[in-house]
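# A closer look at the structure
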Amino acid sequence: MTEAMIRKKPGMVSVKDMPILQDGPPPGGFAPVRYARRIPTKGPSAMAIFLAAVGTFSWGMYQVGQGNKIRRMLKEEKFAARSAILPVLQAEEDERFVKEWKKYLEEEARIMKDVPGWKVGESVYNSGRWMPPATGELRPEVW
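Parameters at a glance
Residues numbered from 1 in each chain as written. Predicted model: local features only at pLDDT ≥ 70, side-chain atom pairs only at ≥ 80, totals over all residues. Heavy atoms only, no water. Patch = residues over 30% accessible without salt bridge, like charges linked within 9 Å, V, L, I, M, F, W, Y side chains within 5 Å. Areas by Shrake-Rupley, 256 points an atom, 1.4 Å probe, with all protein chains shown as cover. Salt bridge = Lys/Arg side-chain N within 4 Å of Asp/Glu carboxyl O. Helix = DSSP H or I, 4+ residues; strand = E, 2+ residues; numbered from the N terminus. UniProt positions renumbered as here; feature names shortened; annotations may be inferred. Buried < 20%, exposed > 50% of the residue type's maximum accessible area, 1.4 Å probe, protein only. Lys, Arg positive; Asp, Glu negative; His and termini not counted. Contact = heavy atoms within 4.5 Å. Phe/Tyr/Trp six-rings, centres within 6.5 Å; stacked < 30°, edge-to-face > 60°.

On the surface, M47, F50, L51 and V54 cluster together into a nonpolar patch covering about 410 Å² of accessible area. With respect to the helices and strands, F50 occurs in helix α2 (residues 46-111).

Here it is, written out as C-alpha cells:
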C-alpha cells in the first residue's frame, strides 16, 4: 500500500501536502511501568535452611557412628576367629617344619659325611643363645 492510499489523499505532490497524523496512547492510557525493586519472598527462610543443614549433618554423623560400631564388631569377630584357629595353624606349620628339618638333616649328613668332626644339626654359631628356627620353607635342594 502506498502512503497516498493510507492518508486518503490521492495525487499528492509533496509530503508537505499530507495531513499531520501523530500516534498517541491507547484510550485509557498505557499500563503503569514497574520500576521498583520487588524481590519475591518465595522459598524457605534462612533459619529453615540452616536448621535443615544442621539436621542433615547430625543425621549423617549418626550414620557414621553406627557404621563405625558395625565395623568394630566385624573387626573383633575376625580377630576372635583368627585367634581361635591360630593353634591349629601353628601345629600344622610345626609338623611341616619337622618334616622339612629331617630332610635337611639327612641332606646335611649326606653332604658332610667326609668332613671329620662334623656334627649334623649342630649350630655353626657359638653365641650360646637359643634361636627359634626360621619358619620359612626349608629347601636343601636350593642350598
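Now that the structure has been shown, the text picks up again.
It is worth spelling out the UniProt feature "transmembrane region" (unreviewed entry) in the protein at this point. Under the UniProt annotation, "transmembrane region" (unreviewed entry) lies at residues 45-65. Between the C-alpha atoms that bound residues 45-65 the distance is 30 Å, and the span itself is 95% helix and 0% strand.

What follows deals with the pattern of salt bridges. As enumerated under the stated definition, the model contains 4 salt bridges in all. The closest approach of N and O atoms between E95 and K99, which form a salt bridge, is 3.9 Å. Within this pair, E95 and its partner K99 are both found in helix α2, separated by 4 residues, close to a single helical turn. Where E107 meets R110, a salt bridge forms, and the shortest distance between an N and an O atom there is 2.5 Å. You can see E107 and its partner R110 sitting in helix α2, 3 residues apart, about one turn around the helix. Judged by relative accessible area, E107 falls into the partly exposed class, the value being 24%.

A few words on the side chain of E108. Note on placement: E108 falls in helix α2. An unpaired buried charge is present at E108: no salt bridge exists, and R110, the closest side chain of opposite charge, is 12 Å distant. Each residue touching E108, except ones within four places of it in the same chain, is listed here: W118, K119, V120 and G121.

This next bit is on the packing of aromatic side chains. Taken as a whole and assessed by the stated rule, the structure comprises 2 aromatic pairs. Geometrically, the ring pair formed by F97 and W101 is stacked, given 5.8 Å between the ring centres and 15° between the ring planes. Within this pair, F97 and its partner W101 are both found in helix α2, separated by 4 residues, close to a single helical turn. With a centroid separation of 5.1 Å and 35° between ring planes, the pair formed by W101 and Y104 is classed as tilted. Within this pair, W101 and its partner Y104 are both found in helix α2, separated by 3 residues, close to a single helical turn. In this structure an aromatic cluster arises from ring pairing among F97, W101 and Y104.

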